[in-house]
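Observations on chain architecture
Each chain is listed here by its residues.
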Amino acid sequence: MASSKEEKGKTTEMVTSSNLVAAGTIIVGNIATPGNIRVEGNVEGSLESQNKVIIGESALVNGNVFAKEVEISGHVKGEIRCSESLFLRKTALIIGDIFTKKLIIENGAELNGKCNMGNMAEDSLN
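Described below are features of the structure shown in this document. (Residues numbered from 1 in each chain as written. Predicted model: local features only at pLDDT ≥ 70, side-chain atom pairs only at ≥ 80, totals over all residues. Heavy atoms only, no water.)

Remarks on the pattern of salt bridges
Cut-off, in case you're wondering: By definition here, a salt bridge exists when the distance from a side-chain nitrogen of Lys or Arg to a carboxyl oxygen of Asp or Glu is within 4 Å. Each helix is a run of DSSP H or I of at least 4 residues and each strand a run of E of at least 2, with the numbering of both proceeding from the N terminus. Each residue is assigned to one of three classes by its accessible area relative to the maximum for its type, calculated with a 1.4 Å probe on protein chains only: buried under 20%, partly exposed between the two thresholds, exposed over 50%.
Scanning the entire structure with this criterion turns up 5 salt bridges. Residue R89 is joined to E106 by a salt bridge in which the shortest nitrogen-to-oxygen separation is 3.2 Å. Of the two residues, R89 is situated in the loop between β11 (80–88) and β12 (93–95) and E106 in the loop between β14 (102–105) and β15 (110–112); the sequence distance between them amounts to 17 residues. Relative accessible area serves as the criterion here: at 26%, E106 is assigned to the partly exposed category. Linked by salt bridges that have partners in common, K52, E71, R89 and E106 make up one network.

Brief notes about the sheet that holds strand β2 (residues 26–28)
Applied cut-off: A pair of strands counts as paired when DSSP detects no fewer than two bridges linking them. For helices, the axis comes from a line fit to the C-alpha atoms of the stretch in contact; other axes are also lines fit to C-alpha atoms, and the angle between any two N-to-C directions lies between 0 and 180 degrees.
An order of β2-β5-β8-β10-β12-β15 is seen for the 6 strands of this open sheet, with the pairing classed as parallel. Two strands close off the open sheet at either side, each with one partner strand: β2 and β15. Averaged over all pairs of adjacent strands, the angle between their axes in this sheet comes to 5°, without regard to strand direction. By the bridge criterion, 3 bridges tie β2 to strand β5 (residues 42–44) in an arrangement that is parallel. When the sheet's bridge partners are listed, I26 is paired in β5 with N42.

Regarding the nonpolar core
Our working rule: We call a set of buried Ala, Val, Leu, Ile, Met, Phe, Trp, Tyr and Cys residues a nonpolar core when their side-chain atoms join them within 4.5 Å. Between two residues, a contact is recorded if the distance between any of their heavy atoms is within 4.5 Å.
Core analysis: the largest hydrophobic core is formed by 23 residues, its most contacted members being L47, I55, V65, V70, I72 and I80. Those elements giving two or more residues to this core turn out to be β4 (36–39), β7 (52–55), β9 (65–72) and β11. When residues no more than four places from it in sequence are discounted, the contact partners of V70 are V53, V65, I80, C82, S85, L86 and F87.

What to know about the pairing of β11
When a strand is regular, its side chains alternate between the sheet's two faces. When β9 meets β11, the two strands line up parallel, connected through 7 bridges. Within β11, the position partnered with A67 by the bridge is C82. Alignment of β11 against strand β13 (residues 98–100), held across 2 bridges, turns out to be parallel. Its bridge partner lying in β13, I80 is registered against I98. Bridge count for β11 against β14 is 4 bridges, and the pairing is parallel. The residue of β14 that forms the bridge with L88 is I105.

Observations regarding the packing of aromatic side chains
For clarity, the cut-off: The criterion for an aromatic pair is that two Phe, Tyr or Trp rings (for Trp, the six-membered ring) have centres within 6.5 Å, with stacked assigned to planes under 30 degrees apart, edge-to-face to planes over 60 apart and tilted to the rest. Throughout this description, the term charge over a ring refers to an Arg CZ or Lys NZ atom that lies within 6 Å of the ring centre and within 35 degrees of the ring normal.
All told, the structure shown has 0 aromatic pairs when counted by the stated rule. A cation over a ring is seen here: R81 above F99, with NZ or CZ 3.8 Å from the ring centre.

Quick word on the environment of N112
Considering the arrangement of structural elements, one finds N112 in strand β15. A residue is classified by how much of its surface remains accessible, and N112, at 43% relative accessible area, is partly exposed. The spacing of N112 and I94 is 18 residues in sequence and 6.0 Å in space, taken between C-alpha atoms. Those residues in contact with N112, other than ones at most four positions away along the chain, are L93, I94, I95 and G96.

So, in structure tokens, the structure goes:
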């Protein structure tokens, strides 16, 4: 039987683990992970993480994104829902609505959709 300390270690490892969709890779389907995920390729489907999603400058996501934190440098066509913070880098292009507690936008980022922040956004995540 595993001890409580061993179980906590495995849980921490799982949550801090990182997944990568490399540049040139095309995935058709939904992706869900308890850890972090970084996308540099193309995803035709939703991305869901219990931690952080990073969408690189070369990435194209055609689907919804759900995570605690999201950082976007590439293109996303779909709804984005973050329970904490959304960071749009200067090369980001978003076509869709966003729901987040906190929004940081670099000069040059493009957002074509509705923005819902604060308590209203948090209520819609639950």
